[in-house]
Each structure stands twice: as C-alpha cells, then as structure tokens.
Amino acid sequence: MPILYNDLEKEFHLQAKDSSYIFKVMKNKQLGHLYYGKKIRHRDSFSHLYRIQQRASASCVYEGDLEFSLDYLKQEFPSYGTTDYREPAYQILQENGSRITNFEYKEHNIYQGKPKLDGLPATYVEQDEEAVTLEISLYDELIQSEIKLFYTIYEHLNVITRSTNFLNHSHENLNLKRALSTSIDFFDSNFEMVQLSGSWARERHVKTRKLQVGIQSISSTRGTSSSQQNPFIALKRPDASEHQGEVYGFSFVYSGNFLAQVEVDHYDVTRVMMGINPFDFNWLLEKGQHFQTPEVVMVYSDKGLNGMSQTYHNLYRTRLAKGKWRDKERPVLINNWEGTYFDFNEEKILEIAKASKDLGIELFVLDDGWFGERDDDTTSLGDWVVDKRKLPDGITGLAKKINELGLDFGLWFEPEMVSKVSKLYKEHPDWIIHVDNRRQSHGRNQYVLDFSRKEIVNHIYEMMAKILRDGPVSYVKWDMNRYITEIGSQGLPAERQSEVIHRYILGLYSLYERLTTEFPNVLFESCASGGCRFDPGMLYYAPQAWTSDDTDAIERLKIQYGTSFVYPLSSIGAHVSAVPNHQVGRNTSLDTRGNVAYFGTYGYELDVTDMLEEEKEKVKNQIIFYKENRKLIQNGIFYRLQSPFEDGGNLTSWMVVSEDQKEIIIGHYRVLVRPNPDFSRLILKGLNKDYEYEINGLKGTFYGDELMTVGLQLKNEFSGVESTGNYSFGDFNSQIFKLTLAKP
Ligand code: DGJ
C-alpha cells in the first residue's frame, strides 16, 4: 500500500488497492496532475505523461518560454489568474486587492495513519497500518501563507481521501473567497456524470448526463446538503454499467452548502472539483489562523457503479460511522409519527407500545409533539421540556413504563429550530439566523437557531443533555425541517457575515460531537424532513438516517435504490407504514411494504393497535424474518440487479450477500402486472459459483454458476389459464428469496 515519491522527477505515485494516482512538481513548482485510474506499475519516471507543447493563443508563464502554460497543463490544486482560465480550486483576496497567488511546493511528509480533521467529520482509521497519508506543503513567499494538501489511501480499498488546510503565517489579513477540498484534471471528457437529485419525498433519484464542453455542476445553497442534490457525483465511462466498466466517485463529507463541478475545457480535459460552495462564502483568515476544508472521498471502480457503491458502503459503514452502534444490530423500531401525528397522550402511547412488544418490536420512538405545548407545527420548538398535559409523568416516567413493557425508548428532537410561539424565542429573539431590519422568512412556521454562536449551541446542549441524563432514553431522532434564509448572525462582525453558514455547520457538528461523546450508548438517527440532509457528514455522528418522509413502498424503490449508490444499508432507515399511504395515497400489500423496508434499518410507522389480527400475524413473521437476517442485511455486500430508473421502471431488484457467500437475500419488485408476459428470470451476482444453494419456496438446488449466468427462474405472471395456479398476481407485487447452502 505504498505512496511512492521519486525525488529526481519530483513525482508522487499513490497506489491504492487497484488504482493509481500520479502527480508531480512542475517547472513552476506547482503541482501537475498526471494520471488517476486503474493501477499501473511503478516506474522510474512518468515524465512522458507530462505533456507540454507550444500552443497558439496560450498565455505563457515565463518570458522567452512559449511552452509552459497552465492553460493546458493538468493540475492538482489550480489557481486562477496565471494562464489557467478554468475555474480554480481556491481564491485568496489580499489586502492590496490582489487575488494572484503563487503557492510552490515546499516539502512533503508521508506517514502511516490518517490525521483527524479539526472540528469536522471524516473517515478515520483504527490502526495506523490501515492507511497511509501524504501531506504536501505549498508556500507563497509573498503572502507568507501555506496550503497543505492531504491525501490518504486505505490499504484494502480503492479510496483516496483529500482535504486542504489554508494557513496564514503573514502579517496581513487574507480573505478566502473560494476554498475547495479537491480538484483533479482528467485526460479526456468521454464520461457521463451521475448525480442523485430530487426533492422532499423523492430524494436521491439517479440522473445521468453526458459531459459537454463547459461547466456542469450540482450544488446546494440551502444551508443543508439538501434533498435537491446529494453531495456526490460519479463520472462513468459511457460503456460502464452497474457491474462493469470504469467509474470515479466523489463524495463530500459535509452537511452544508456544497459545489460539485465538472468543467470540460477546449482540449476536452475534464476538471472535477468539490468543496464548500463558494457562492455566498467568504472566510476572513487573520494572521496566524488556518482554515480546514471538509474531506472528499474519491473512489475508483473498474467494476461499474455497483463496484463503486460497495467501496463506499465498506468505508462508510466501518470507517465513517462510529461509536458503539456502528457494528451492532439495529433494533426493530416503531415510530408513532404517522400513527398519531401530534394527537397522543400517555395512554395512547402505552397502548401502541404494548401492542408493539407483542409483535416483536424492540424500540419505541416518540416523535414530534411531546414538549412545550405543541399540538401542531406552529409552536414550542426550542422549549425542550415535556408537555405534562400529554405526558403527566414526564419523559422519564413514560420511558420507564415503556422499559417495563420490555421495549427501549427513543425520543425525537429538532435541536436547531425555534418557533416564535415559544419561551426560548420570547427570551432570545435575537438567537435566530436573520438580518436586521429584513423580513424573516419561515419554513413550516419555524426559524433556525444561530448555531454559529457557541452560547446558543451550549444552551441547546444543556437542554437536551438534561433529558438524556434523566433517561432512560436509548435512541434520538434528530430532525431538521427547513432550509435556511436571510443568513446573518448577531455574533459576527460585518466582515465575517459570509462565514455564518459554514460556522453554523461547525456548531451543529460540535453539538453532535458533545452529545455522542456524553451519551455513547444512545443510537442517533439523523433526519431532515426525511432525507434532506442524508450525507456522509451526518453519517459520522448518526449511523442511520431517516431516508425519506415518503414511506410508500413503490416510491421507496427509487429512493432506496438511489441512496444505495453511496450509503450502506445499515444507514438507510426504512419503515412499514399504513395504507392508503399518507404521501401518495397508494395501496400496497403489507408483504410488499415489508419486502421493501427490509433493505435498511427496519421499523414500523403506523398505529399497530388499529391492525387486524391477520395483519398482526404477518407483522410478527416479518419481524422474525428481519431479526434472523438483519446482520446479513446491515453488513452484507449489496448488489443492484434491476433499476427502477431504466426500462420504464417497472422492475426493481437487488440482493445482499454475506461475506462468506453462504447466505443471500434477494428482493424483487414489480410495479404493474403484465398479462401473459414472457418467462422472466433474474441474473444474480456475487455468489460462489461452486456453491450449491437452496432457495426458499423453490424445489431442488441450484449452483452459483447457473444462478449467475442462466439466472433464477421467476414465478410466472398471469397467463390466462387459472388452473396453473403458480403465478404472482396484481400490481405492486414483490418477492423475497433467501438462498442458503444446500444441506448435504
Ligand atoms: C419530519 C420527519 O421527517 C418526520 O419523520 C417527522 O419526524 C416530522 N418531521 C415531525 O415533525
């Protein structure tokens, strides 16, 4: 797992598991990029990849030298204004008004392990031997400032992480107008860009477009990573598919405004950049200060999109998520939100909890409406004190009663928000993010607390910690239900107002850090109106996330399929809810609702006391199935087989395979029934070709090689002849197959 440095050529060669990343110090002492892709053998010199040639109309760096132009040189961390006309990785405004810089290679350091990022979530190692880090220092003499580039490669993964630290050692103040985390120039532009886009209730739909000359980008300006765009893009070769071909993934470990930009220039060079969105951003870097950017995780796959996803799943499940719950089987939960909304009291909650216990559920989660006087969404956010009208014995009293029933107890918070009808707002009207003398826009009647101010974060910490200390609370659902507007802070001077939104995210991270540290046994689940902040930054603190407020099984196929591009099943919160579904009004069977929700961290979100006896029996069996298989589902290797975004979206299937390939679960879903169709089959992946498998519900045994080539023969759909009997019928149908090794 080496990072090789060739002093003669001043070349760096990062060799991850099956990928190579090569760059060098150029004539101007800046860093030039040479190659990123499939692993190639090391050699004494890669100077032939450093292509330089006189070009008409290029601006050149040195007098008398008509060759050296940054206009066509591929670079590692480019700046604007010195012959490169593409958008840069950073821009620093100096006191004299200049934005021109010259950061030259000064030194580097290669060491085992991976340093922590100051105040930011990031991937980590448990043993230094797991990874190697290259730290490169670039220095600008004129402004006595330094840029440190960090690269880490993991021993067993095709991962390269990158982040950047800007350090001001001078006597003047600098303004960072742009401070991205990574930049990389590819040889050509023969790529498609894949992104996960959507909106509330239809998050992370897969969109693909061919790269064009010019800039194409996705971004967030909403104060969270957003459901509109997830902080992720992939570049794939046009012939790459789910399971073969070259794909490069870029995932940003950050929960706020971001930019993921791809610029194809006039030589078809493709520049990919990722970082904090420079739009509406500026950071005053006073002398002696430094600014650490969040981390970008780059993944190379020559096994298609699925290969990329498996690498992200592996890394994010084991070396991004942290804490006690990282490796633990997650409890089957019931959440009362869709069951009662705001309309509950202790009696009702205990009724639901008791019925849930009988079904095999392990954790009861009390959602919104337990505090202040919150009977609807117009009041009480910020007053994290129990509403005794509804819960006379308080949270502790209720939680104990639920524990006595044999269930753990979990609680909903929305820590970042305040309602104007609340004690908190009355006492501290200036605590919301706002701009003086300007209108204060709201979202869902609520306002955003200014988490860029430490005293506000402290106040919320104390309120939450008191409830968690009093306990017994073993789970927290951390919600966030609006995007941010009129961004301004009373706590910062005029020249720092463009820092507010990043400082807000740092404040949020600090609150998460303190709470997860003080309450290591509590399982945190993040949420933002469902999946409006489903990102790697959140995953660092909360190992699971509420994926979407849309609980309809058919809508969930697309949402969970798209989410799985980056995020492991152990992070994908998925619940069975009532029908007609509350978001789209669709009726689907309890089977299908369960069959979709199994592929995540499983739960129920309905009033189980309202269910028929036969439904309860079914739920009991679903829970038995999930408990038996959750280890496999949460930790297994995930394969997407049929995409809801292709071929009209009628069929979706996916499967999860245990590491030893001895246990497999397949989910197969059909939206609309087709009369008298062809004989369908499903080509499986990831099995051991020599293993002989049994499949639940099917006679006989099957070898892995047959299942991965000829495929699994599926039940027929209705062919017009009733008497054959053996067909699956009706819309919104689904099947689960469990494969185990055949008994000898
Ligand atoms: C939005 C969440 O996504 C829902 O699950 C629920 O917790 C509501 N907020 C409560 O207000």
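Just above sits the structure.
A brief look at the structure comes next. Position numbers for residues count from 1 along each chain, tracking the sequence in the order it is written. Side-chain atom pairs in this predicted model are given and counted only at pLDDT of 80 or more, local residue features only at pLDDT of at least 70, and totals for whole chains, interfaces and linings cover all residues. Side-chain figures throughout are based on the complete set of non-hydrogen atoms in the structure, without hydrogens or water.

Structural notes on the overall build of the chain
For the chain, the helix and strand inventory stands at 12 helices and 40 strands. Values of the radius of gyration come from C-alpha atoms, whereas the globule rule sets the reference at 2.2 Å times the count of residues to the power 0.38. For the chain, whose C-alpha radius of gyration is 27 Å, the value lies close to the compact-globule estimate of 27 Å for 744 residues. Residue exposure (1.4 Å probe, protein chains only): buried if accessible area is under 20% of the type maximum, exposed if over 50%, otherwise partly exposed. Put simply, the chain has 744 residues, and 62% of those count as buried. Look at the contacts in the chain between residues 6 or more apart in sequence, and 69% of them connect residues 24 or more apart. Accessible surface area values rest on a Shrake-Rupley calculation with a 1.4 Å probe, where residue burial reflects the displayed protein chains alone. Carbon and sulfur atoms make up 47% of the accessible area of the chain, which amounts to about 28400 Å² in all. Note on charges: Lys and Arg go in the positive column, Asp and Glu in the negative column, and His and the chain ends are not counted at all. The atoms used to mark charge sites are NZ of Lys, CZ of Arg, CG of Asp and CD of Glu. The positive charge centre, built from 85 side chains, and the negative charge centre, built from 104, are 1 Å apart in the chain. Segments assigned H or I by DSSP are reported as helices when at least four residues long, segments assigned E as strands when at least two residues long, and all are numbered from the N terminus. Here a residue-residue contact requires only that any non-hydrogen atoms of the pair lie within 4.5 Å.

Brief notes about helix α3 (residues 346-359)
Compared with the 20 Å implied by 1.5 Å per residue over 14 residues, the 20 Å span of α3 between its first and last C-alpha is a close match. On the buried face of α3, the contacting elements are β21 (333-335), α2 (337-340), β22 (363-366), α4 (394-405) and α11 (613-635). Positioned one or two residues after α3, Gly360 has a phi angle of 110°, which is positive. In this scheme, a helix's expected span is set at 1.5 Å multiplied by one less than its residue total.

Examining the side chain of Thr379
Note that Thr379 resides in the loop between β22 and α4. Side-chain atoms alone can form a polar contact between residues adjacent in sequence; in general such a contact is a pair of N or O atoms within 3.5 Å, and within protein one must be able to donate a hydrogen while the other accepts it. Side-chain polar atoms of Thr379 contact the side chain of Ser380, separated by 2.8 Å.

Thoughts on the sheet that holds strand β29 (residues 572-577)
Backbone-to-backbone hydrogen bonds join strands into a sheet, with any given pair of strands oriented parallel or antiparallel. Here the rule is simple: two strands pair whenever DSSP picks up at least two bridges between them. Spatially, the 8 strands close up into a barrel ordered β21-β22-β23-β26-β27-β28-β29-β30, and their pairing is parallel. On average, each strand axis in the sheet is inclined to that of its neighbour by 30°, with strand direction left out of account. Where β21 lies against β22, 3 bridges are found, and the strand directions are parallel. Counterpart to Leu333 in the pairing with β22 is Leu363. Between N-to-C directions, angles span 0 to 180 degrees; the directions come from axes that are lines fitted to C-alpha atoms, helices contributing only their stretch in contact. Sheet strands touched by α4: β22 and β23 (408-413). Its angle to β23, the strand with the most contacts, is close to 145°.

Examining helix α10 (residues 590-597)
Within α10, 7 of the 8 residues are buried, which leaves it mostly tucked inside the rest of the structure. Buried within α10 we find Leu590, Thr592, Arg593, Gly594, Asn595, Val596 and Ala597.

Side note on unusual backbone geometry
The omega torsion across Gly471 and Pro472 is -10°, close enough to zero to call that bond cis. Examined against the element boundaries, Pro472 turns out to sit in the loop between α6 (454-470) and β26 (475-478). Here the amide bond leading from Val579 into Pro580 is cis, since omega sits at -10°, within 30 degrees of zero. Inspection of the secondary structure puts Pro580 in the loop between β29 and α10. Here the phi dihedral of Arg204 falls at roughly 55°; this positive angle occurs in a residue that is not glycine.

Description of the nonpolar core
The biggest cluster of nonpolar side chains holds 191 residues, and the ones touching the most others in it are Leu366 and Trp370. Not counting residues up to four positions away in its chain, the partners in contact with Leu366 are Asn336, Phe344, Ile349, Leu391, Ile395, Leu398, Phe409, Gly410, Leu411 and Trp412. Each nonpolar core is a collection of buried residues, namely Ala, Val, Leu, Ile, Met, Phe, Trp, Tyr and Cys, held together in the definition by side-chain atoms within 4.5 Å. Residues Tyr639, Ile666, Tyr693 and Leu739 belong to the second largest nonpolar core, which totals 17 residues.

A word on empty space enclosed by the protein
Buried and open spaces are told apart on a 1 Å grid over the protein atoms alone, a cavity being a set of points where a 1.4 Å probe fits but cannot get out and a pocket being an open set with protein on both sides within 12 Å along at least five of seven lines. Residues with an atom within 4 Å of a point are the lining residues. Grid points are joined across faces, edges and corners, and a volume is the space filled by probe spheres set on the points. With the rule as written, the count across this model stands at 7 cavities of 30 Å³ or more. Space inside the largest cavity adds up to approximately 100 Å³. If you go around the largest cavity, the residues you meet are Gln30, Leu31, Gln75, Phe77, Pro78, Ser79, Tyr90, Phe103, Leu138, Ile147 and Leu149. Polar here means any residue outside two lists: the nonpolar Ala, Val, Leu, Ile, Met, Phe, Trp, Tyr, Cys and Pro, and the charged Asp, Glu, Lys and Arg; Gly therefore counts as polar. Considered class by class, the residues forming the lining of the largest cavity number 8 nonpolar, 3 polar and no charged.

Looking at the site of the ligand
Throughout, the term near means that a residue has one or more heavy atoms lying within 4 Å of the molecule or strand in question. Around the ligand, the surrounding shell holds 13 residues, and the nearest of these are Asp367, Asp368, Lys477, Asp479 and Asp549. Asp549 places a polar side-chain atom, nitrogen or oxygen, 2.4 Å from an oxygen atom of the ligand. Each residue belonging to the shell around the ligand can be placed in one class, and the counts come to 4 nonpolar, 3 polar and 6 charged.

Overview of the pairing of strand β12 (residues 202-210)
In the sheet, strand β11 (residues 192-199) pairs with β12 via 7 bridges, with the strands oriented antiparallel. Paired with Val194 across the strands is Thr208, a residue of β12. Turn length for the β11-β12 hairpin, with the two strands adjacent in sequence and antiparallel, is 2 residues, and the turn residue Ala201 shows positive phi of about 70°.

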